[in-house]
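Spelled out, the chains give:
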Amino acid sequence: SRQEMSFACYKTLMKVYAVNGRYGEACGLYDEIKQHGWEPDAVMYGSVVKFAAKAGRTDLAHELAQKLEGGCIRNYMWLIRSAGQEGDVERAVRTFRQLQSTQPELVDVMAYNVTIDACASNNNMALAQQLLEEMRQVYPMNKFTYNTMMKGHCAVGDLDSARRSLQEMEESGITPDVASFSCLLSGAAKQLDYKETLRIIAEFDRRKLPLDSYVVSTMMQLSRKLPDARDAYKVLSILDRPDVHIFEDEVVFNTVVDACIYRRDYKHLSRAIDGYPSSKVRASVRTYGLLIKCCAILRRTQGCWNFWDEMVDRRGIIPNDVTLGCMIDALVEAKRVEDALALFRDWKTKVTCDTIIYSTLIKGFASIGDADRAMALFQDMRTDGVQLNHIVFTALINAHAKNGLMKRAEQLMEEMEKEGCKPNAITYSTIIRGHCVRGDLSSALQVFHQMVGCGFRADAVIFNTLLDGCVQHRNFDLADELLLKMKNTKVAPSNFTLSIIVKMWSKRGDLDKAFQVVRSALKDSTGPKVDAQVGACIVGACIHNRAPERALEIFEEMKTWPSFDGPDNNTYSALISGLPRLGYLRKAVELTDEACVRLNTNPGQDKRLLAPNALAQLFRALRNERLLQELGPRLAAKLRKAGMGVDDKWLAQ
């Protein structure tokens, strides 16, 4: 029992608590020691001052500091640091002044530096500067002093003052180190000045300073925050340097993967996934969530399962709700909704399944047009007492709206409001999309105006939904009005907007304007990026307008576009189905061969399949042209080897 413990046992137990970060309990032992009537020695007093400071028991820390005969500079340092960490600059300075008045012989450069740091860390640069001027009168400034001032100036956004501190440091004969330039880098990143960050990185190189984990993490955080995706990709290019090591520890690895996920940087995500197995990174549950999300983006569903099995089976880590949600979302995105539901049921009793997980599953059933099972999950949520929110209702509304079941979708919107969940712009967009599916553009516009009347600003998603409906149903006058309204209200178009506009000009028979849209986007560094979907649309536009030569020309050209994620299976499918109708049957066969190789070059990636109807049309054309016997069997064998489905009926003479 504690009553029988000796003073030495108390000292040992106190150390055990401290080593494990249980500073409050360590301080509690001091209280017990005093109750025994024992007087701690100077070493214990010094230790308890530190523990009290870390535990936030500042009154105890001050009390004990006074008990120490002659004082101890380390104890004062702990008191000043703890005050700074708690944001109490006044207390930090007061403690420093107390040291100055009672034991001036203990005041040294370190005491000034720690106090200046407490001020700078809390953005009180006026007081930090005042202490600095005072320090100059008695002590020379050292590297820590200058770095502290630079850090403070950068924290308040004063990069010019930080640079002046750097200049003064060099003029005083002190060589700046990695920490010095890291301060500047952090300040430039805070201001989202990516060009300045690149100049600072160049300064690292000029001075032969290593890019450490802090530098890499700062650049990754900057890449997430930059408003222009193209600038973000320039920042991410730092990962291509041979001296940047992302596999040294988990924190850097997580920061890099998170930034690349946010920016959909497929190249660096692939490198991260491929390099992880042989790295020093020991994944936590958060890391596994990121790895699973990474594989999902790269369409490596088996990779998602591999990481899940490694986490659960080989390492015995219990997933949290976020990691389980990542895995379920990956399966839903891969159209493996049944697998997602099975995983959910397996873990439902072991992991708290929140609203996000349920809404992901509901979204999955919406994507395959199964509104009934989406509703069944909704009822399960009610039964299990899971909180309903606008995300769930919107997913459920979408499940019905995608199938044109607008009466039920609108009833759900009413129920949503009764539950106290306010519809947001995405909810309205879902209702608008449902009306567009039915071809009821009048009702879609009515909901649009209702949404604007409720104070919502129409964004690109809303406009895209209406535009797509107009193009699908050939209401080009309304489409022109919407595009003009987007421009006048300064709504930035997205990649999807580009694809819709290309399809619109295709249907209007103006192929030159469709090409103009793509060419302008390729030249515009600030606008939406031309992606695989846009590429498929421009090729489809050429086929639709009976211009096979232009289709083949742009198809070859897009393979050279920088950071282009195509041509994809939709682009190949459009060519394979369209070229035979325009007299290019053998070219269609050649492109089918190419697709078998090009679409599935990455190991572990989900198979990207050509559209079955496109292949059926190709084999039908071969039969009609009496080329089936010559080309059919070899083509079928190659398709099957690539994992493409081939119906035996297609080969029948």
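This text goes with the structure placed above it.
Computed from a predicted model, the values in this text were never measured in an experiment.

**Quick notes on the environment of Arg 581**
- Structurally, Arg 581 is set in the loop between helix H33 (569-578) and helix H34 (585-598).
- Arg 581 gets classed as exposed once you look at its relative accessible area, which sits at 54%.
- Once you skip the residues sitting within four places of it in the chain, Arg 581 turns out to touch Ile 543, Arg 546 and Gln 617.
- Reaching out from Arg 581, the side chain makes a polar contact with the side chain of Gln 617 at a distance of 3.5 Å.

**Regarding the state of the cysteines**
- Counted under the stated rule, the structure contains zero disulfides.
- Sulfur of Cys 537: no disulfide; nearest cysteine sulfur belongs to Cys 542 and is 11 Å away.

**Some remarks on the pattern of salt bridges**
- Taken as a whole and assessed by the stated rule, the structure comprises 37 salt bridges.
- The salt bridge involving Glu 203 is made with Arg 207; its shortest N-O contact spans 2.8 Å.
- The exposure class of Arg 207 is partly exposed, given its relative accessible area of 23%.
- Arg 550 serves as the salt-bridge partner of Asp 512, at 3.0 Å between the closest nitrogen and oxygen. Taken together, the positions of Asp 512 in helix H30 (residues 511-523) and Arg 550 in helix H32 (residues 548-558) put the pair 38 residues apart, joining distant regions of the chain.
- Overall, the relative accessible area of 31% leaves Arg 550 in the partly exposed class.
- Overlapping salt bridges, with partners in common, bring together Glu 170, Glu 203, Arg 206 and Arg 207 in one network.

**Let's talk about the layout of surface pockets**
- Taken as a whole, the second largest pocket encloses approximately 610 Å³ of empty space.
- Lining the second largest pocket are 22 residues, and of these Pro 493, Thr 497, Leu 498, Ile 501 and Pro 528 lie nearest its centre.
- When residues of the lining of the second largest pocket are traced back to their parent elements, those giving at least two are helix H28 (476-488), helix H29 (495-507) and H30.

**Details of helix H9 (residues 143-155)**
- Taking 1.5 Å of rise per residue, the 13 residues of H9 would be expected to cover 18 Å, and the 18 Å separating its terminal C-alpha atoms lies within 8% of that figure.
- Where H9 is concerned, the buried positions are Thr 145, Tyr 146, Asn 147, Thr 148, Met 149, Met 150, Gly 152, His 153 and Cys 154.
- Looking at the buried side of H9, the elements it contacts are helix H7 (109-120), helix H8 (125-136), helix H10 (159-171) and helix H11 (178-190).
- Looking at where H9 begins, the residue whose side-chain oxygen comes 3.2 Å from the main-chain nitrogen of Phe 144 is Asn 142.
- Looking one or two places after H9, you find Gly 157, whose phi comes out positive at around 80 degrees.

**Points about the side chain of Asn 398**
- Structurally, the position occupied by Asn 398 is in helix H23 (residues 390-401).
- For Asn 398, a relative accessible area of 15% gives the class buried.
- In contact with Asn 398, other than residues within four places in its own chain, are Ala 366, Thr 430 and Arg 433.

**Concerning the packing of aromatic side chains**
- Applying the stated rule across the entire model yields 17 aromatic pairs.
- Taking the centre distance of 5.1 Å and the plane angle of 80 degrees together, the rings of Trp 561 and Phe 564 count as edge-to-face. Neither residue differs from the other here; Trp 561 and Phe 564 are each classed as buried.
- Here the aromatic cluster, defined as three or more aromatic residues joined through ring pairs, consists of Phe 247, Phe 253, Tyr 276 and Phe 307.
- Looking at Arg 550, its charged tip hangs above the ring of Phe 515, at a distance of 4.2 Å from the centre.

**Points about the packing of helix H18 (residues 301-314) against helix H19 (residues 321-333)**
- The geometry of H18 relative to H19 is characterised by a closest axis approach of 10 Å and an angle of 155 degrees between their N-to-C directions. Relative to H19, H18 is oriented roughly antiparallel. You can see that H18 and H19 cross each other, and the crossing is left-handed. Seen from H18, the contacting residues are Thr 301, Cys 304, Trp 305, Trp 308 and Met 311; seen from H19, they are Thr 323, Leu 324, Met 327, Ala 330 and Leu 331.
- A breakdown of the residues in the contact of H18 with H19 according to their chemical character gives eight nonpolar, two polar and no charged.

**Observations concerning the side chain of Thr 571**
- For Thr 571, the position within the fold is in helix H33.
- Given the relative accessible area of 0%, Thr 571 is considered buried.

**Some remarks on unusual backbone geometry**
- Following Gly 566, the chain continues into Pro 567 via a peptide bond in cis, with omega recorded as -5 degrees.
- For Pro 567, the position within the fold is in the loop between H32 and H33.
- Positioned with a positive phi, Arg 546 is a non-glycine residue whose angle comes to about 55 degrees.
- Within the secondary structure, Arg 546 sits in the loop between helix H31 (532-544) and H32.
- Given a relative accessible area of 61%, Arg 546 falls into the exposed group.

**Things to note about H11**
- Over its 13 residues, H11 extends 18 Å from the first C-alpha to the last, a length consistent with the 18 Å expected when each residue adds 1.5 Å.
- Here H11 lies mainly inside the structure; ten of its 13 residues are buried.
- Where H11 begins, the side chain of Asp 177 points an oxygen toward the backbone nitrogen of Ala 179, at a separation of 3.2 Å.

Definitions and cut-offs
Residues numbered from 1 in each chain as written. Predicted model: local features only at pLDDT ≥ 70, side-chain atom pairs only at ≥ 80, totals over all residues. Heavy atoms only, no water. Helix = DSSP H or I, 4+ residues; strand = E, 2+ residues; numbered from the N terminus. Buried < 20%, exposed > 50% of the residue type's maximum accessible area, 1.4 Å probe, protein only. Contact = heavy atoms within 4.5 Å. Polar contact = N/O pair within 3.5 Å; in protein donor to acceptor, adjacent residues only side chain to side chain. Disulfide = S-S within 2.5 Å. Salt bridge = Lys/Arg side-chain N within 4 Å of Asp/Glu carboxyl O. 1 Å grid on protein atoms, 1.4 Å probe; cavity = no way out; pocket = protein on both sides within 12 Å on 5 of 7 lines; lining within 4 Å. Points joined across faces, edges and corners; volume = space filled by probe spheres on them. Expected span 1.5 Å × (residues − 1). Phe/Tyr/Trp six-rings, centres within 6.5 Å; stacked < 30°, edge-to-face > 60°. Lys NZ or Arg CZ within 6 Å of the ring centre and 35° of its normal. Axes fitted to C-alpha atoms, helices over the stretch in contact; angles between N-to-C directions. Parallel < 35°, antiparallel > 145°, perpendicular 65-115°, else oblique. Left-handed = near helix turned anticlockwise from the far one by under 90°. Nonpolar A, V, L, I, M, F, W, Y, C, P; charged D, E, K, R; others polar.

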